[in-house]
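What follows is the residue order along each chain.
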Amino acid sequence: SDLGLVVASASSGCYEPPPMTVEGNLSVQGEELGTWNLDPGICVGGFSQDIDVSSRDGERCVRFIDDEELGPTVVAFIPGTLDGFVFSEEDCSEFYVRLDRTVDQKGLLYNHGGEMVLDCTTENGTISGRVKFDGCW
């Protein structure tokens, strides 16, 4: 009967990551970027100081990167492509990014939580709004 217990607990998984929550809205506008709202449904973190916040279908995506040369930046991608435009801190009247990271029990992945508040303008366009997220792996 001990064996049955082991099998049952192993099949249900040893560790359940916290549920992902993403809320808020980012408004993006630009000649090449197009005009769209990011009503986020998915967030992805990982090993580094980056975070992706995207629509449920993955078409619209904004990425925060703590870039070695440029410093903290946000990239807004042209919907449905991997081409994006960079907004750095100096382009923004408001640029606030908070990332809370936790290491999982195996010491491997980070669970990113936090928020992004942006109001940025460059020659390529504008991005503004606020998103909060948690449970981003």
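Residues numbered from 1 in each chain as written. Predicted model: local features only at pLDDT ≥ 70, side-chain atom pairs only at ≥ 80, totals over all residues. Heavy atoms only, no water.

1. Some points on the environment of glycine 114
Inspection of the secondary structure assignment puts glycine 114 in strand β9 (residues 110-122). Judged by its relative accessible area of 4%, glycine 114 is buried. Distance from glycine 114 to arginine 98, taken between C-alpha atoms, is 5.0 Å for residues 16 residues apart in sequence. (Helix = DSSP H or I, 4+ residues; strand = E, 2+ residues; numbered from the N terminus. Buried < 20%, exposed > 50% of the residue type's maximum accessible area, 1.4 Å probe, protein only.)

2. What about the sheet that holds strand β3 (residues 42-44)?
Within the open sheet, the 5 strands sit side by side as β3-β4-β5-β6-β7. Their pairing is antiparallel. Each end of this open sheet is capped by a strand with a single partner; those strands are β3 and β7 (84-88). For this sheet, the mean inter-axis angle between neighbouring strands, taken without regard to orientation, is 20°. Bridge count for strand β6 (residues 71-77) against β7 is 5 bridges, and the pairing is antiparallel. Looking at the pairing, alanine 76 lines up with phenylalanine 85 of β7. (Pairing = 2+ DSSP bridges. Axes fitted to C-alpha atoms, helices over the stretch in contact; angles between N-to-C directions.)

3. A short note on the state of the cysteines
Disulfides are covalent bonds that link the sulfur atoms of two cysteine residues. The final tally for this structure, using the stated rule, is 2 disulfides. Paired by a disulfide, cysteine 43 and cysteine 136 hold their sulfur atoms 2.0 Å apart. Between cysteine 43 and cysteine 136, the S-S torsion sits near -90°, and that sign places the bridge as left-handed. On the criterion of sequence distance, the pair formed by cysteine 43 in strand β3 and cysteine 136 in strand β10 (residues 125-136) is long-range, its members being 93 residues apart. Disulfide pairing is shown between cysteine 92 and cysteine 120; the S-S distance is 2.1 Å. On the sign convention where negative is left-handed, the bridge of cysteine 92 and cysteine 120, at about 100° about the S-S bond, is right-handed. (Disulfide = S-S within 2.5 Å.)

4. What about the pattern of salt bridges?
Inspection of every chain in the model, using the stated rule, returns 5 salt bridges. The partner of arginine 63 in a salt bridge is aspartate 52, and the shortest N-O contact between them spans 2.6 Å. Here arginine 63, found in strand β5 (residues 61-67), pairs with aspartate 52, found in strand β4 (residues 51-54); they are 11 residues apart in sequence, far enough to count as distant. Each of Arg98, Asp100, Glu115 and Arg130 takes part in a single network of salt bridges with overlapping partners. (Salt bridge = Lys/Arg side-chain N within 4 Å of Asp/Glu carboxyl O.)

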